[in-house]
Amino acid sequence: MTKKSLALCCLLLAATSGAALAEPADLGQQILAETNAARQSPQRYADYIRDFKKNFIGKGYRLPGSLNVVMTSEGKGGLDEAARFLSRQRPLPALSWSPGLAQAAADLVREQTASGETGHGERGDMKKRIEKYGSWRSSLGENISYGPDTARQVVMGLIIDDGVADRGHRKNIFDRSFATMGAACGPHPLYRTICVMDLAGGFQSR
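Residues numbered from 1 in each chain as written. Predicted model: local features only at pLDDT ≥ 70, side-chain atom pairs only at ≥ 80, totals over all residues. Heavy atoms only, no water.

**Q** Before we go on, may I ask you to explain the side chain of T35 in this structure?
**A** Topologically, T35 is positioned in helix 1 (residues 24-40). Not counting the four nearest positions on each side in its chain, T35 is found in contact with L95, V155, I173, M181 and M197. (Helix = DSSP H or I, 4+ residues; strand = E, 2+ residues; numbered from the N terminus. Contact = heavy atoms within 4.5 Å.)

**Q** Teacher, can you tell me more about unusual backbone geometry here?
**A** Apart from glycine, the bulk of residues carry a negative phi angle, and the bulk of peptide bonds sit in the trans form. Look at S138: it is not a glycine, yet its phi comes out positive at around 75 degrees. Relative to the helices and strands, S138 is located in strand 6 (residues 134-146). Backbone geometry places R192, a non-glycine residue, at a positive phi of 70 degrees. Among the secondary structure elements, R192 is positioned in strand 8 (residues 192-205).

**Q** Looking at this model, I keep getting lost on the layout of surface pockets. Mind explaining?
**A** Any space left empty among the atoms is revealed by the rolling of a water-sized probe across them. Considering only enclosed or pocket space, the largest pocket measures out at about 180 Å³ in volume. Lining the largest pocket are eleven residues, and of these Y48, D51, F52, N55 and M156 lie nearest its centre. (1 Å grid on protein atoms, 1.4 Å probe; cavity = no way out; pocket = protein on both sides within 12 Å on 5 of 7 lines; lining within 4 Å. Points joined across faces, edges and corners; volume = space filled by probe spheres on them.)

**Q** I tried to follow the environment of K54 on my own but got confused; where do I start?
**A** Take K54: it is sitting in the loop between helix 2 (42-52) and strand 2 (56-57). Its relative accessible area of 63% is what places K54 among the exposed residues. Expressed as a C-alpha distance, the spacing of K54 and K76, which sit 22 residues apart in the sequence, is 9.5 Å. (Buried < 20%, exposed > 50% of the residue type's maximum accessible area, 1.4 Å probe, protein only.)

**Q** Explanation requested: the packing of aromatic side chains in the structure shown.
**A** In this description, a pair of aromatic rings is defined by centroid distance and the angle of the planes. Taken as a whole, this structure holds six aromatic pairs when the rule is applied. A centroid spacing of 5.8 Å and a plane angle of 55 degrees characterise the contact between Y146 and Y191, whose relative ring orientation is tilted. Of this pair, Y146 sits in strand 6 while Y191 sits in the loop between strand 7 (180-188) and strand 8, placing them 45 residues apart in sequence. Accessibility expressed as a relative area gives 0% for Y146, which makes it buried. Aromatic ring contacts, followed pair by pair, group F52, F56 and Y61 into a single cluster. The positively charged end of R152 is found above the aromatic ring belonging to Y48, 3.8 Å away from the centroid. It is R170 that lies over the ring of F85; its NZ or CZ is 4.8 Å from the centre. (Phe/Tyr/Trp six-rings, centres within 6.5 Å; stacked < 30°, edge-to-face > 60°. Lys NZ or Arg CZ within 6 Å of the ring centre and 35° of its normal.)

Right, dumping it as C-alpha cells:
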C-alpha cells in the first residue's frame, strides 16, 4: 500500500517567523520529534492550533515579527476543524527515525532545489527512490511541505491541510500503519523551503 500527499498549498505556505532557519539535517530530526508530539499527545497539539488562531484576520494571518500577511483558503474554519479532529484522535505510538528514508527524502529535496519543481514525480518515482536505500514493508507514504521553515510550522500546516479536501497529509501523519520516518529539508527557488517526509510500516536500510 502506498500513499502520497502534496503540501503545495498548505496553510503555512511562505510563512516566516524571522527566526534563523535550522540546519537541514537538524530540521528533519525536529520534524520527526514534532510529528511524534502530535501523534502521542493530539489533544495537547490541538491547543497549539487554537493558539495560532490569534494571528488571523479574516482568512489571512500575520506571524509575530513579520509584515507579511499570508492568505489561506479556509481561514479560521480550517483551524477549528483540525482542532476538533485532534481532540477526538487517540494517541498513537511514536515513529522511529529511519536514515534510509531520510536519504530518500533528501534526494527529492536536492532534485527540486535544483529544478524548482514541485510534487512527487511520475507515478512510481517515490517507491523507486525509497527502494534505492533499502526495503520497506506494510505501507509507504510521503508528505511534501513548501514554505514553512520550522518543524512546528511544517507539521501544523500538514495537519491543518488548508484547501486539501481529503486531508491526505493529516491522514499520513496519523496513520497507525506507519512506524518509521525520515525527513529532509532544503532551499526551494520558488517557495523558499521544501521539507519531505517519507514514512513506512517498516524499513531495512541497505
